[in-house]
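# Per-entry structural report
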Amino acid sequence: MTVPTPPVQVPDPSSRAVSLRALIFRLTLGPALILALVLGGLLTQQQVSDRRQLLLSHGHASAEQLAELIELSDGQPLQQRLDWLHKSLLALMLEKDMVRSVHIYSIKGDQLDADTGLQVLATAGPRPRSPITDLHLKDREEGFIFEKGSGIQVLHPLRAGELTCWIAIELHRPYFTIGAYQVALAALLGLILCTLAALTWSIFLSERLARYLERMGKAVEEIGQGQLDRRIAPGENRELNVLAEHINQMAQNFASYQEEATTNLLQSMDDLRQSLDSMEEQNIELDLARKKALEASRVKSTFLANTSHEIRTPLNGIIGFTNLLLKTEVDELQQDYLQTILRSSENLLTTINDVLDFSRIESGNLVLDHIPLNLGQLLEETLQILAPFAHENRIELVPLIDEQLPTTLIGDPLRIKQVLTNLVGNAVRSSTDGNIPVRASVQSSRDAEIVVRISVTDLGNRIDEEGRRELRQLLENSAQNPGQQISSNGLGLAIARSLMERMRGSIGIDEAAGGGATFWVHIPLHLERNRNQPAQEQFPGTRILVADTNRMTRLQVSQLLKQWQVEAIELDDTSTLQPALEQMWNHDALPDAVIIDTAIAGDDVTSFVATIQQLVDTYQCRVIIQGSPVELRRCYEQLRTRVLTFLAKPVTRDNLLRALRRSLPQQAHNRPATTNQSTLPWTAPPRVLAVDDHEANRHLVSELLRALAIDVTIADSGEQAVRLCGQQRFDMVFMDIQMPGMDGIEATRKIRAAEKDGRMPIIALTAHAGAEEKARLLSAGLDDYLSKPVSENQLNNMVKRWMKILVPGGQAARQQGNPRLVDIAESLELSNRDATLARDMLQMLIKGLVADEQELNRCRANNDHRGLFELVHRLHGGCCYCGVPRLREATAALQEHLRPQQSDDNPDIDQQKVEAVTREIRALREWSSEQDLDILFGLTASA
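Since the structure is predicted, the reported quantities are computational estimates derived from the model, not experimental observations. (Residues numbered from 1 in each chain as written. Predicted model: local features only at pLDDT ≥ 70, side-chain atom pairs only at ≥ 80, totals over all residues. Heavy atoms only, no water.)

The next point concerns the overall build of the chain. Scanning the chain for helices and strands turns up 28 helices and 22 strands. When burial is assessed residue by residue, the chain has 45% of its 943 residues classed as buried. Considering only contacts within the chain whose residues lie at least 6 apart along the sequence, 67% involve residues at least 24 apart. Within the structure as shown, the chain displays about 50000 Å² of accessible surface, and the carbon and sulfur contribution to it stands at 53%. (Helix = DSSP H or I, 4+ residues; strand = E, 2+ residues; numbered from the N terminus. Buried < 20%, exposed > 50% of the residue type's maximum accessible area, 1.4 Å probe, protein only. Contact = heavy atoms within 4.5 Å. Areas by Shrake-Rupley, 256 points an atom, 1.4 Å probe, with all protein chains shown as cover.)

Right, here's the structure in full:
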């Protein structure tokens, strides 16, 4: 039974307030009492002082009178004088009731008292309460008052020749005390009378005022209860009458307000009815406008997707065949032309991606890719695209890439390139006449993820303070004002910030020396699971002279050379180039090659060409000319037969390495082999079907695949692809999606329906770049996705990835009747024998099993078959990189069971397959709790 809680008593503020009656009492009695006390005290003090003065005056008068009588008796016999003196003293005491005793002292004589040092000549009355000693009378000539303790005496000298005698009259103090008491009593009686009078008056006033205020309070209470016609009658006090008038006026105002409020309420209710009718009409209009906006958004998305497809399809052929042509034997000028075509195509591709991504960012539908990329190469390609724009403003773009940066990472190269393009483009637009260093380094690393820092430092001599403030606000403010106008620089930076937020990275700006600024980004990336560390190119014992007046570009080239064990000899004063080579020639210490920058030529190209020809003819130097493409064209024809190679700026790692190989043929024979055949994950050439309706794309894909030692069969339509798959077995299919007649999705469904001997990987090749397109394709039965234009590296990584799954994972698992829960050997095979990577991949999978099991149970409980398919698809993808065959088979079976039911509203989920996945997850968790992965992968000793 619940006991009711008593209500909390809130103290009434009025209980602590002082009543008006008490206030009147205080204001009336207080001043009266204070005034009576002050006057009584002053009167008492005055009376006491007067009685004291009277007492002392009587004492002085008696002493003077007695002294005169003694002086008049001078000349009479001594005995007669003494008798007469004694009688005079007694008479004085009898006459004066305020005299207690009279004494005559002599300070000289034969009978001096031992205690006082005085001789008493005559006395009348009792002994003094405070005796007088000779010390009190010593050196005194005039009369004085001696007061000590309770006694008070008046002393007066007897002058008869030498001053030796004193008259001492002791006064009676009770006379003085009684008089003081009488005065105090009279003052007290007066105080009591005044208090009683003030009290009577205050009671009269308070009662009168209280009655009037009580009537006023009742009237106010009635007004508060709604009796607005109630009024207060005037009284006798002017101030209270004013208050009563104000209260009456307030009641009248309340009455008018109430009448007005009633009228307004009725009017508001009528307006509300009209507003509700109007809102209902507006809601209908808004719903129609929303449907129109959705339709317009769909049309816009369709238009952008079709535009992207139509532009990407020819760009795929342009970029692909340009890359293939660059691998052939072409001279430096032709190579420069091809590089220009390639950079222009990639720039056009970046513009298309900017338009698409801006639309996706606005709608919140941007989804990032996770594919292998070479971040250093990506950075260099971006600078090459922007280099012509920079050279027009006499700016050098200098890439400074940390040698610790891994070659292959997992991320979204397209979006990273967009971010770099915007940052470097802003820096170029803000600078002139100088260098813009672009640095890339490893900020931090953990497990299989690293954070890369990329910074771009501009000069700031072409941008004003307002423009710099706008860029800083765009980076520092998380929310953008919808009505804010953004400049072209700010728009690119806003896109870069949005992309970095989606990548879980960060972007910022720091002040740089000299008035410039440093824009930086921190990009989290994953290590590539199937990465194969390339053999490091080495040129030991090689010496190269770098003649360049630009310190930063000279530093970049020197750092690259040192990575290949090349001794770089830097020369900043190019005027000493010829004397330096002559001295080296004399000491038989010529460098193996000389890199000369065209900056030393200035405007005199003729003298520069003559200098190079003289160096080649005189000292037999291997010369590499370095400069911008425009500068190289100015001297190409004159030096093409004398110079080994031309190196376009910005200098990239691949271009410099290619120049070294041409300049140092004897060292090139000693460098380690870099062929890719040893890293291919198959022993026999795989059979791949490439399907595309565009002839150039078919030709490009077939050439790229044949370069990987793959047996390629091509088809130009979906019907032909279905027919070829029915006639022969392929290991993999690259399927174009948008084709006339039977498109790629329909062809995939027919191929899946006819499959009997296991699932064949089908990879989508499409010019639609949207991530939503990828999700649609995966749910339609395709296994992976590549967006056009397809690069050689992307195609290479895709083939290797799926062939690694097919060869060691698929066939070996089918050969074993009872696959193991965890296969360490298979994990090592999937990671290219990299034990650390294999352990990290297995640890990442195991760490996510708890959350995966919880999500699996939630989807099963809610009958969420689409969420269950996405979860199983992701989990199966993780199992493909780890040696967990049982879990991989269970997830593959559930994934294939759920795939055809994605469009159904009432799917039939096989609970046994779901339970099988749950059982394998729990078994793998129990196994991991009892194992030490470092020991299993043999990492303890190395640790």
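So much for the structure itself; the text now carries on.
If you trace the 5 strands from one edge of the open sheet to the other, you get S2-S1-S5-S4-S3, paired in antiparallel fashion. Strand pairing shows two members of the sheet lacking a second neighbour, strand S2 (119–124) and strand S3 (144–148), which therefore form its edges. On average, adjacent strands in this sheet sit at an angle of 25 degrees to one another, irrespective of strand direction. Pairing analysis gives 5 bridges linking strand S1 (residues 99–106) to S2, with the strands arranged antiparallel. (Pairing = 2+ DSSP bridges. Axes fitted to C-alpha atoms, helices over the stretch in contact; angles between N-to-C directions.)

This part takes up helix H27 (residues 911–929). For H27, built from 19 residues, the straight-helix expectation of 27 Å at 1.5 Å per residue is met to within 8% by its first-to-last C-alpha distance of 27 Å. Within H27 the residues assigned to the buried category are Val914, Ala916, Val917, Thr918, Glu920, Ile921, Leu924 and Trp927. Here H27 starts with a cap whose side-chain oxygen sits 3.1 Å from the backbone nitrogen of Gln912, and that cap is Asp910. (Expected span 1.5 Å × (residues − 1). Polar contact = N/O pair within 3.5 Å; in protein donor to acceptor, adjacent residues only side chain to side chain.)

Moving on, we get to the environment of Arg839. Within the fold, Arg839 resides in helix H23 (residues 835–847). Judged by relative accessible area, which is 16%, Arg839 ranks as buried. In sequence terms Arg839 and Leu828 are 11 residues apart; their C-alpha atoms lie 8.7 Å from each other. A distance of 3.1 Å separates the side chain of Arg839 from the side chain of Asp840, its partner in a polar contact.

Residues Asp277, Glu280, Glu281 and Glu285 make up a contiguous surface patch of negative charge. Turning to its location among the elements, Glu285 is positioned in helix H5 (residues 238–326). Here Glu285 falls in the exposed class, since its relative accessible area comes to 54%. (Patch = residues over 30% accessible without salt bridge, like charges linked within 9 Å, V, L, I, M, F, W, Y side chains within 5 Å. Salt bridge = Lys/Arg side-chain N within 4 Å of Asp/Glu carboxyl O. Lys, Arg positive; Asp, Glu negative; His and termini not counted. Charge placed at Lys NZ, Arg CZ, Asp CG, Glu CD.)

Applying the stated criterion to the full structure yields 24 salt bridges. The salt bridge involving Glu855 is made with Arg858; its shortest N-O contact spans 2.7 Å. Here Glu855 pairs with Arg858, and both are found in helix H24 (residues 849–862), just 3 residues apart, close to one helical turn. Given the relative accessible area of 37%, Arg858 is considered partly exposed. Where Arg858 meets Asp864, a salt bridge forms, and the shortest distance between an N and an O atom there is 3.9 Å.

Turning to the sheet that holds strand S17 (residues 645–648), a few remarks are in order. Read from one edge of the open sheet, 5 strands run S14-S13-S15-S16-S17, paired in parallel fashion. For this open sheet the edge positions go to strand S14 (566–571) and S17, each flanked by a neighbour on one side alone. Geometrically, the sheet is characterised by an average inter-axis angle of 20 degrees between neighbouring strands, direction not taken into account. Relative to S14, helix H11 (residues 551–563) is tilted by about 165 degrees, and along the sheet it contacts strand S13 (542–547), S14, strand S15 (593–597) and strand S16 (623–627). Most of the contacts of helix H14 (residues 629–639) go to S17, to which it runs at about 170 degrees, and overall it touches S16 and S17.

As a further point, take the confidence of the model for the chain. Note: predicted coordinates in regions of low pLDDT should not be interpreted at a detailed level. Summary statistics for the chain give a mean pLDDT of 77 and a share of 80% for residues scoring 70 or more. The spread of mean pLDDT over the elements of the chain runs between helix H16 (residues 665–668), the lowest at 56, and strand S10 (residues 449–457), the highest at 92. Segment residues 668–679 is flagged for pLDDT under 50; beyond a separation of four residues in sequence, or across chains, it makes 11 contacts in the model. This stretch, residues 808–817, has a pLDDT under 50; its non-local contacts, to residues over four places away or in other chains, come to 10 contacts. (pLDDT = per-residue confidence, 0-100.)

All right, on to the pairing of S17 then. Summarising the sheet, S16 and S17 pair through 4 bridges and their orientation is parallel. Across the sheet, the residue bridging to Gln626 is Leu647, located in S17. After leaving S16, the chain enters H14 and then returns to the sheet as S17, a path that is right-handed. (Right-handed = clockwise from strand over helix to strand, strands pointing away.)

Here we take up the UniProt feature "coiled-coil region" (unreviewed entry) in the chain. Feature annotation in UniProt assigns "coiled-coil region" (unreviewed entry) to the following positions: residues 262–296. Helix makes up 100% of residues 262–296 and strand 0%, whereas the separation of the span's terminal C-alpha atoms amounts to 49 Å. (UniProt positions renumbered as here; feature names shortened; annotations may be inferred.)

Our next topic: a nonpolar patch on the surface. A contiguous nonpolar patch, built from Ile34, Leu35, Val38, Leu39 and Leu42 and spanning about 490 Å² of accessible area, is present on the exposed surface. By the secondary structure assignment, Leu35 is in helix H1 (residues 20–72). In this structure Leu35 comes out as exposed when scored by relative accessible area, which is 52%.

Once that is clear, we can look at the packing of helix H12 (residues 577–586) against helix H13 (residues 605–619). Two elements in contact, H12 and H13, have axes whose closest approach is 11 Å; the angle formed by their N-to-C orientations is 5 degrees. Looking at the two axes, H12 sits roughly parallel to H13. For the pair formed by H12 and H13, the contact residues are Leu577, Gln578, Leu581, Glu582 and Trp585 on the first element and Gln614, Leu615, Thr618 and Tyr619 on the second. Partitioning the contact of H12 with H13 into residue classes produces 5 nonpolar, 3 polar and 1 charged. (Parallel < 35°, antiparallel > 145°, perpendicular 65-115°, else oblique. Nonpolar A, V, L, I, M, F, W, Y, C, P; charged D, E, K, R; others polar.)

Our focus in this paragraph is the packing of aromatic side chains. The full count for this structure, using the stated rule, is 3 aromatic pairs. Measuring from centroid to centroid gives 5.2 Å for Tyr636 and Phe646, while their planes differ by 50 degrees, and the two rings are tilted. Note that Tyr636 is positioned in helix H14 and Phe646 in strand S17, a separation of 10 residues in sequence. Each member of the pair, Tyr636 as well as Phe646, is classed as buried. (Phe/Tyr/Trp six-rings, centres within 6.5 Å; stacked < 30°, edge-to-face > 60°.)

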